[in-house]
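# Observations on chain architecture
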Amino acid sequence: MTTETKRITAHELYWHHQETCTRRELVRGVIHDRPLAGWRQSDVTMNAMRLLGGFIRAEKLGVFVGPRTGFWVERDPDSVLAPTFAFVRAGRYPRPVKYEDDFYFPGPPDLAGESVSDLDPPGEVQARVDRWLQAGARMILLIHIDHQTVSVYRPGAPPTVLTGNDALDGADVVPGWTVPVCDLFDR
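Since the structure is predicted, the reported quantities are computational estimates derived from the model, not experimental observations.

### Here we look at the environment of P175
- With respect to the helices and strands, the residue P175 is situated in the loop between strand 12 (167–169) and strand 13 (178–180).
- Considered as a pair, P175 and L61 are 114 residues apart in the sequence and their alpha carbons are 8.7 Å apart.
- Apart from the residues within four sequence positions on either side, P175 is in contact with F55 and L61.

### Topic: the side chain of D110
- With respect to the helices, strands and loops of the structure, D110 is situated in the loop between strand 7 (105–106) and strand 8 (111–116).
- Aside from chain neighbours lying at most four places away, what touches D110 is F87, V88, R89, R92, A137, R138, M139 and V173.

### Thoughts on the pairing of strand 10 (residues 149–153)
- Among the 5 residues in strand 10, 5 count as buried, and that is most of the element.
- Burial along strand 10 is two-sided: T149, S151 and Y153 and V150 and V152, pointing in opposite directions, are all buried.
- Hairpin connection between strand 9 (residues 139–144) and strand 10: a loop of 4 residues separates the two successive antiparallel strands, and Q148 in this loop has a positive phi of roughly 50°.
- Judged from the 4 bridges that link them, strand 10 and strand 11 (residues 160–163) form a sheet pairing that is antiparallel. Counted as the bridge partner of V152 is T160 from strand 11.
- The hairpin formed by strand 10 and strand 11 contains 6 residues between the paired strands, and G156 there has a positive phi angle of roughly 75°.

### Some points on the side chain of D78
- With respect to the secondary-structure elements, D78 resides in the loop between strand 4 (71–74) and strand 5 (79–81).
- Buried within the structure, D78 lacks any salt-bridge partner; R75 is the closest side chain of opposite charge, at an N-O distance of 5.8 Å.
- A distance of 3.1 Å separates the side chain of D78 from the backbone nitrogen of D76, its partner in a polar contact.

### Description of the pattern of salt bridges
- Across all of its chains, the model carries 6 salt bridges by this definition.
- Through salt bridges with shared partners, one network takes in R89, R92, D110, R138, R154 and D172.

### What to know about the nonpolar core
- In this structure, L111, L168 and V174 are the most contacted members of the largest nonpolar core, which totals 25 residues.
- When contributions to this core are tallied by element, the ones reaching two or more residues are helix 2 (39–59), strand 6 (85–89), strand 9, strand 10 and helix 4 (181–185).
- No other element matches the 6 residues that helix 2 contributes to this core.
- Apart from residues lying up to four places away in sequence, V174 is in contact with L52, F55, I56, L61, F87 and L111.
- Among the nonpolar cores identified, the runner-up in size contains 16 residues, and V88, A112, V116 and W132 belong to it.

### What about the packing of aromatic side chains?
- For the structure on display, the rule yields 4 aromatic pairs.
- Plain terms: the ring middles of F64 and F85 are 5.7 Å apart, the flat faces sit at 35° to each other, and that makes the pair tilted. In this pair, F64 is assigned in strand 3 (residues 62–65) and F85 in strand 6, connecting sequence segments 21 residues apart.
- Connected via pairs of aromatic rings, a cluster forms that spans F71, F105 and W132.

### Let's talk about unusual backbone geometry
- Cis rather than trans, the peptide bond between D76 and P77 has omega equal to 5°.
- Inspection of the secondary structure puts P77 in the loop between strand 4 and strand 5.
- A positive phi angle is found at D76, which is not glycine, with a value near 55°.
- Assignment of secondary structure puts D76 in the loop between strand 4 and strand 5.

### Quick look at the environment of L26
- Note on placement: L26 falls in strand 1 (residues 24–27).
- Sequence spacing of L26 and F71 is 45 residues, and the spatial spacing of their C-alpha atoms is 10.0 Å.

### Let's talk about helix 3 (residues 122–135)
- Along its 14 residues, helix 3 runs 20 Å from first to last C-alpha, staying within 8% of the 20 Å computed at 1.5 Å per residue.
- Trailing helix 3 by a residue or two, G136 shows a phi angle of about 110°, which is positive.

Thresholds, definitions, all that
- Residue positions are given per chain, counted from 1 along the sequence in the order it is written.
- Predicted model: local features are reported for residues with pLDDT of at least 70 only, side-chain atom pairs are reported and counted for 80 or more only, and whole-chain, interface and lining totals are derived from all residues.
- Only hydrogens and water are removed before side-chain values are computed, so all heavy atoms of the structure are retained for them.
- The numbering of helices and of strands both runs from the N terminus, where a helix is a DSSP run of H or I of at least 4 residues and a strand a run of E of at least 2.
- Only heavy atoms enter the contact rule, under which two residues are in contact if any of them lie within 4.5 Å.
- The buried label applies to any residue whose accessible area, calculated with a 1.4 Å probe on protein chains only, is under 20% of its type's maximum; exposed applies above 50%, and partly exposed to all values in between.
- Only when DSSP finds a minimum of two bridges between them are two strands counted as paired.
- In summary, the charge assignment counts Lys and Arg as positive and Asp and Glu as negative, without counting His or the chain termini.
- Definition used for salt bridges: Asp or Glu carboxyl oxygen within 4 Å of a side-chain nitrogen of Lys or Arg.
- Pairing of N or O atoms within 3.5 Å defines a polar contact, subject to two protein rules: one partner must be a possible hydrogen donor and the other a possible acceptor, and residues neighboring in sequence count only if both atoms are side-chain atoms.
- Only buried Ala, Val, Leu, Ile, Met, Phe, Trp, Tyr and Cys residues count toward a nonpolar core, and they belong to the same one when joined by side-chain atoms within 4.5 Å.
- To pair, rings of Phe, Tyr and Trp, with the six-membered ring standing in for Trp, must have centres within 6.5 Å; the planes then decide the type, stacked if under 30 degrees apart, edge-to-face if over 60, and tilted in the middle.
- Here the expected length of a helix is defined as 1.5 Å per residue gap, with one fewer gap than residues.

Here's what the structure looks like:
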């Protein structure tokens, strides 16, 4: 028996998302619900956002956004992904932004950050990383809450797993930004 899934567009996702107030993404026209973050996961995520977002803002490198921000990375069928946080370098977005363009960002962020825990299915986590890389993100930071590690993914390179006092470096994506991994997990 074959069941058919109704595909929707990015615009339909936007209005459906506004009505439901859930964390949703669109992958090739199919809605994917994402679980809400746990208490510790949210705490670490906010730390990462403060450390990275504060640097980006102070250095005027571009725009830093938090959860529920959509990136329209594929069309017909549409895919709209929503990282835990993201960075888009200056010059990649229109200024000033017109109201009708204040929708999803057209393309991938330069950096996509995802926070995950042991409750997230490993295959699903890797699929998310792969989607970001295929979409053209230049760096993915996978913050693993339970292991207190950060895996750094770059196109065409093996992932680097950072622990403890290793330094997380923004390299050419966020030039000048460096932070000890342990600072992300400090309470």
